[in-house]
Amino acid sequence: MRDDAGGMPDTMFDSATITTAVQLASRAPSLHNTQPWRWVYTDEALQLHLDPERVVRATDRSAREAVISCGVMLDHVVVAMAAAGWNSDVERFPDPNHPDHLATLQFSPLSFVTDAHRRRADAILARRTDRLPMAAPADWESFEPLMRAWLAAGPVHLDVLTDEMRPQLAEAAMLSESLRLYDSGYHADLAWWTTPFATTDGIPQSALVSAAESDRVAVSRAFPVTAHTDRRLAIGDDAARIVVLSTDGYSRADALDAGEALSQVLLEATMAGLATCPVSQVTELHASRDIVANLIARDACPQVLVRIGLAPALDDVPPPTPRRPVSDFLTIA
């Protein structure tokens, strides 16, 4: 809130502020919508923990993708608290003896809440994972430099793949799927997290695509197909730009950094009116990940890809995917 003069924010800090921010931030995307986070608020500090019971072990044996998901929500919380008038001081991995304790946040008042703070928080609610074919993003020549500038000072590298690289990237996606063709644990996990009866987590049928739609998006996970009609026929094959986020290693700290960077890319693209879809299956296995590493021609470790494109303005906005009640993952001591 702002005072009558529109300057210093009139803020009150209490557990309700934390609860509202964490609830908003839980719109963060996660692998199969597993929501693998746990938050504890105590002694005026907010702690982020990985919930190991929500790690998809057949897909994510090292919990790397779960930590990336937690990193997205960590940045979402920082964004939500800024919109409420609070600056976040983040200490990552504060206890070396407890690697599942990913971060501790403490807060101080912001001197001024800008429209950009509020718009970024609004983008958390507006963002959707769009698995359908997309048109090429408008004015990419202006958006790409801004995206690079956001991450320039941080530990995460950003590369944009060229159209000439798409066949090799599609090959990496096909290789990833073929290597898991007979992995019963992997397919059992997919079936579990895409059940039609999911109410608070998992991927609902409305967020999945038909076989024909999947064929037009060469870089996508092979989820169980749905009976949707073939949508966005005017677009044809997917023309989204594909961005690779990479780090200097594959440590848990690298994964958390990648998640925070992914949050920035998703929210800024949403603010620019662009559709997004994180792509992680091509970085889950060494063979396909090596293909991506060769494409970016950088001595770095690919963490996650993002498809960024344009969805038709007349498309119906898909319903939000389910989320757990905030009381399930936030403890206020």
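Residues numbered from 1 in each chain as written. Predicted model: local features only at pLDDT ≥ 70, side-chain atom pairs only at ≥ 80, totals over all residues. Heavy atoms only, no water.

**Regarding the packing of helix α1 (residues 15-25) against helix α2 (residues 64-83)**
Okay, so step 1: Look at α1 against α2: their axes get within 8 Å of each other, and the N-to-C directions meet at 130 degrees. When the axis of α1 is compared with that of α2, the two are oblique. For the crossing formed where α1 meets α2, the hand is right-handed. Residues Thr17, Ile18, Ala21, Val22, Leu24 and Ala25 of α1 lie in contact with α2, whose contacting residues are Met73, His76, Val77, Ala80 and Met81. (Axes fitted to C-alpha atoms, helices over the stretch in contact; angles between N-to-C directions. Helix = DSSP H or I, 4+ residues; strand = E, 2+ residues; numbered from the N terminus. Parallel < 35°, antiparallel > 145°, perpendicular 65-115°, else oblique. Left-handed = near helix turned anticlockwise from the far one by under 90°. Contact = heavy atoms within 4.5 Å.)

**Observations concerning the nonpolar core**
Okay, so step 1: Judged by nonpolar contacts, the single largest core of 60 residues is most densely connected at Val22, Trp39, Leu46, Met73, Leu105, Leu245 and Ile308.
Okay, so step 2: Both domains that furnish three or more residues to this core are identified here as domain 1 (15-127 + 321-332) and domain 2 (139-309). (Core = buried A, V, L, I, M, F, W, Y, C linked by side-chain atoms within 4.5 Å. Buried < 20%, exposed > 50% of the residue type's maximum accessible area, 1.4 Å probe, protein only. Domains from an automatic or database assignment.)

**What about the confidence of the model for the protein chain?**
Okay, so step 1: Within the protein chain, residue pLDDT values average 93, and 96% of them lie at 70 or more.
Okay, so step 2: pLDDT under 50 marks residues 1-8. Its contacts with residues more than four places away, or in other chains, come to 15 contacts. (pLDDT = per-residue confidence, 0-100.)

**Focus: the layout of surface pockets**
If you roll a probe as big as a water molecule over the atoms, it shows you where there is empty space left.
Okay, so step 1: Its volume calculated, the second largest pocket comes out at about 180 Å³.
Okay, so step 2: Elements represented by at least two residues in the lining of the second largest pocket include exactly α5 (166-179) and α7 (211-215).
Okay, so step 3: Among the elements that line the lining of the second largest pocket, the one with the most residues is α5, at 4 residues.
Okay, so step 4: Its residues placed into classes, the lining of the second largest pocket shows 6 nonpolar, 2 polar and 3 charged. (1 Å grid on protein atoms, 1.4 Å probe; cavity = no way out; pocket = protein on both sides within 12 Å on 5 of 7 lines; lining within 4 Å. Points joined across faces, edges and corners; volume = space filled by probe spheres on them. Nonpolar A, V, L, I, M, F, W, Y, C, P; charged D, E, K, R; others polar.)

**A few points about empty space enclosed by the protein**
Okay, so step 1: In total, this model carries 1 cavity of 30 Å³ or more according to the counting rule given.
Okay, so step 2: Roughly 30 Å³ of internal volume is contained in the largest cavity.
Okay, so step 3: Of the residues belonging to the lining of the largest cavity, the class tally is 5 nonpolar, 2 polar and 3 charged.

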